[in-house]
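Read off the chains here:
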Amino acid sequence: LVAHILVCVRDLQGRRYTEQWQSGGGHEEVNRHAAAVREKQFAEARPAIEKIEKLVREGGVGFDEAARRHSEDDATRQNGGVLDRICEASTFPGLPVDRAVIEAGLKLKPGEVSGPVRSAFGWHLIKCLDRQEKAEATRLQGRYGRFRKG
């Protein structure tokens, strides 16, 4: 079971980036410019997630409270950033979560908080709340259908 805090990165018009973000429409010079702009915006957004990470690590605020105060994921913010149980095949349609978030979450031990993780949507902090053995997770998935699979 993992939770996350998201700081979104937006394009020049203020729209959130998505996994389907396309740069430039095929013209090589436009693509290079769009990629450079996007990289600049990711770099500018990183200090915000680092500030939240510092608050969490130094005990200034718990992870769940930090998620409620600072996360830009509207779907998980109010429940302390809790996503769901994850496995290698997890997907979260409609949520700002991609493979980078899932892979980072799978590497964590219970109670452990990641450093900043870059996704297509922005920067995340991820906390592992608990783990289940793979056999138990598979059994529960079949029984309850709780996991989202791609």
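Attention in this report is confined to the structure presented alongside it. (Residues numbered from 1 in each chain as written. Predicted model: local features only at pLDDT ≥ 70, side-chain atom pairs only at ≥ 80, totals over all residues. Heavy atoms only, no water.)

**Focus on helix 3 (residues 99-107)**
Now for step 1: Residues of helix 3 that are buried include every one of V101, I102, A104 and G105, and no others. One face of helix 3 carries all of its buried residues, which in axial projection span an arc of 165 degrees.
Now for step 2: Along its buried surface, helix 3 packs onto strand 1 (2-8), strand 2 (82-84), strand 3 (117-118) and strand 4 (122-128).
Now for step 3: Measuring from the side-chain oxygen of the N-cap residue of helix 3 to the backbone nitrogen of A100 gives 3.2 Å; that N-cap residue is D98. (Buried < 20%, exposed > 50% of the residue type's maximum accessible area, 1.4 Å probe, protein only. Helix = DSSP H or I, 4+ residues; strand = E, 2+ residues; numbered from the N terminus. Arc of directions from axis to C-beta. Contact = heavy atoms within 4.5 Å. Polar contact = N/O pair within 3.5 Å; in protein donor to acceptor, adjacent residues only side chain to side chain.)

**Overview of the environment of A120**
Now for step 1: In this fold, A120 is placed in the loop between strand 3 and strand 4.
Now for step 2: Measuring from C-alpha to C-alpha, the distance between A120 and R99 comes to 9.2 Å, with 21 residues separating the pair along the chain.

**Description of the nonpolar core**
Now for step 1: If you look at the biggest cluster of nonpolar residues, it comprises 17 residues, and the most contacted ones within it are I5, I49, I52 and F63.
Now for step 2: Counting residues per element, the ones that place at least two in this core are strand 1, helix 1 (28-57), helix 2 (63-70) and strand 4.
Now for step 3: Per-element accounting of this core gives the leading share, five residues, to helix 1.
Now for step 4: Apart from the residues within four sequence positions on either side, I5 is in contact with I49, I52, F63, A66, A67, H70, S71, W123, H124 and L125.
Now for step 5: I86, L95, V97 and I102 belong to the second-largest nonpolar core, a separate cluster that totals 13 residues. (Core = buried A, V, L, I, M, F, W, Y, C linked by side-chain atoms within 4.5 Å.)

**With respect to the sheet that holds strand 2**
Now for step 1: What the four strands build is an open sheet, ordered 2-1-4-3; its pairing is antiparallel. With one partner strand each, in any of the chains shown, strand 2 and strand 3 form the two edges of the open sheet.
Now for step 2: Summarising the sheet, strand 1 and strand 2 pair through two bridges and their orientation is antiparallel. For V2, the partnering residue across the bridge sits in strand 2 and is D84.
Now for step 3: Its contacts with the sheet put helix 2 on strand 1 and strand 4, and the angle it makes with strand 1 is roughly 30 degrees. (Pairing = 2+ DSSP bridges. Axes fitted to C-alpha atoms, helices over the stretch in contact; angles between N-to-C directions.)

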